[in-house]
Amino acid sequence: LLSQLDARIFDMYSDPLLAAADIEGDAGETRSVLYQMTAHIFAGGTGESAHAFHDLSGHAGVAHHWFQIANSLPLHHARGQIFFTKDMLSQCNLTLDEYVGGPLSETSLAGLRRIALEHGHRHLNEVRALLPSAPPLVRPAYSPLHLQADLAKQVARKPHEPRLFEINPLRR
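Residues numbered from 1 in each chain as written. Predicted model: local features only at pLDDT ≥ 70, side-chain atom pairs only at ≥ 80, totals over all residues. Heavy atoms only, no water.

**Overview of the overall build of the chain**
- Helices and strands together make up the secondary structure of the chain, namely eight helices and zero strands.
- For the chain, the sequential pattern of α-helices and β-strands runs α-α-α-α-α-α-α-α.
- Relative to its full complement of 172 residues, the chain shows a buried share of 47%.
- Long-range contacts, defined as pairs at least 24 residues apart, comprise 72% of the intrachain contacts of the chain with a sequence gap of at least 6.
- Summing over all exposed atoms, the chain offers an accessible surface of approximately 9,300 Å²; the carbon and sulfur share of this is 57%. (Helix = DSSP H or I, 4+ residues; strand = E, 2+ residues; numbered from the N terminus. Buried < 20%, exposed > 50% of the residue type's maximum accessible area, 1.4 Å probe, protein only. Contact = heavy atoms within 4.5 Å. Areas by Shrake-Rupley, 256 points an atom, 1.4 Å probe, with all protein chains shown as cover.)

Next comes the structure, spelled out in C-alpha cells:
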C-alpha cells in the first residue's frame, strides 16, 4: 500500500515527466500491482504464483493506465495534471505553458489522446500474446482490461471530443 501511495505522489504536481518510462513505472506501481495481486489470488495464493504473472500483469496495468489517461485527459488537463513528457507535448505542437495555461484545441486533444492510445495498444498487444499461456483459472483477473480496451475504441473514434467516455452498462 505504501508503494502505491509513493507512486501517486506525482499526481499532486503539474510537472511534466521526463520519459514515458516514468509513466509506465507509475502504472507498474499502481495498476499492474492490482492485476498481479488478483492473478495471485485466482491462482490459489501459492508463493510461486506471486511472480509467475509479473510480465502479463505489468503489461496489463500499463495498457490500462494509458487507456485511462487517454479517456480522462480533459479532466486531468482541467486539474493541471500532466501525464505526458515534453516531447509528447511538442509532438502535438504544445509547450508546457500552453498545456497548463489554457484550453486544449481539438487538434491537441486528439493528438495527445492518440499518443496515449498508441502506448496503450502496444502493451495490450503484449497482453494478448502472453494471456494464452496463463492458466485458465487466472485469465479472468485480466478481464477489466477488456473494458478499458472498449473505452479506448470510443476515444479513438472521437478523440477530439472533450468529454469522458463511459463503459456501456451492458458490457460490465
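After that view of the structure, there is still more to cover.
**Focus on the packing of helix α4 (residues 54–79) against helix α8 (residues 143–157)**
- At a closest axis distance of 9 Å, the pairing of α4 and α8 adopts a crossing angle of 35°. Along this stretch, α4 crosses α8, giving a crossing that reads as left-handed. Contacts between α4 and α8 involve A60, A63, H64, F67, Q68, A70 and N71 on the former and, on the latter, L145, Q148, A149, L151, A152 and V155.
- Considered class by class, the residues forming the contact of α4 with α8 number nine nonpolar, four polar and no charged. (Axes fitted to C-alpha atoms, helices over the stretch in contact; angles between N-to-C directions. Left-handed = near helix turned anticlockwise from the far one by under 90°. Nonpolar A, V, L, I, M, F, W, Y, C, P; charged D, E, K, R; others polar.)

**A word on unusual backbone geometry**
- Of note, N93 is a non-glycine position whose phi angle comes to about 60°, a positive value.
- Position of N93 relative to the elements: it lies in the loop between α5 (86–91) and α6 (96–101).

**A look at the packing of aromatic side chains**
- Considering all chains together, one arrives at one aromatic pair under this definition.
- Ring centres 5.8 Å apart and planes at 5° place the aromatic pair Y35 and Y142 in the stacked group. Residue Y35 is located in helix α2 (residues 20–42), and its partner Y142 is located in the loop between α7 (106–130) and α8; the two are separated by 107 residues in the primary sequence. Here Y35 matches Y142 in class, with each residue buried. (Phe/Tyr/Trp six-rings, centres within 6.5 Å; stacked < 30°, edge-to-face > 60°.)

**Things to note about the environment of D55**
- Positionally, D55 belongs in helix α4.
- Using a relative accessible area of 51% as the deciding quantity, one classes D55 as exposed.
- Sequence separation between D55 and E126 is 71 residues; the distance between their C-alpha atoms is 9.0 Å.

**Focus: the environment of P162**
- Position of P162 relative to the elements: it lies in the segment after α8.
- Note on P162: relative accessible area 65%, which makes it exposed.
- For the pair formed by P162 and A110, sequence separation is 52 residues and the distance between their alpha carbons is 9.2 Å.
- Among all residues touching P162, those that are not within four sequence positions of it are P74 and L109.

**Quick look at α2**
- Between its terminal C-alpha atoms α2 stretches 31 Å, which fits the 33 Å expected from 23 residues at 1.5 Å a residue.
- Backbone geometry just after α2 places G44 at a positive phi near 100°. (Expected span 1.5 Å × (residues − 1).)

**Comments concerning the packing of α7 against α8**
- The geometry of α7 relative to α8 is characterised by a closest axis approach of 11 Å and an angle of 145° between their N-to-C directions. Handedness of the α7/α8 crossing: left-handed. Along its contact with α7, which presents R113, L117, H121, L124 and V127, the element α8 presents L145, A149, A152, V155 and A156.
- Split into classes, the residues belonging to the contact of α7 with α8 amount to eight nonpolar, one polar and one charged.

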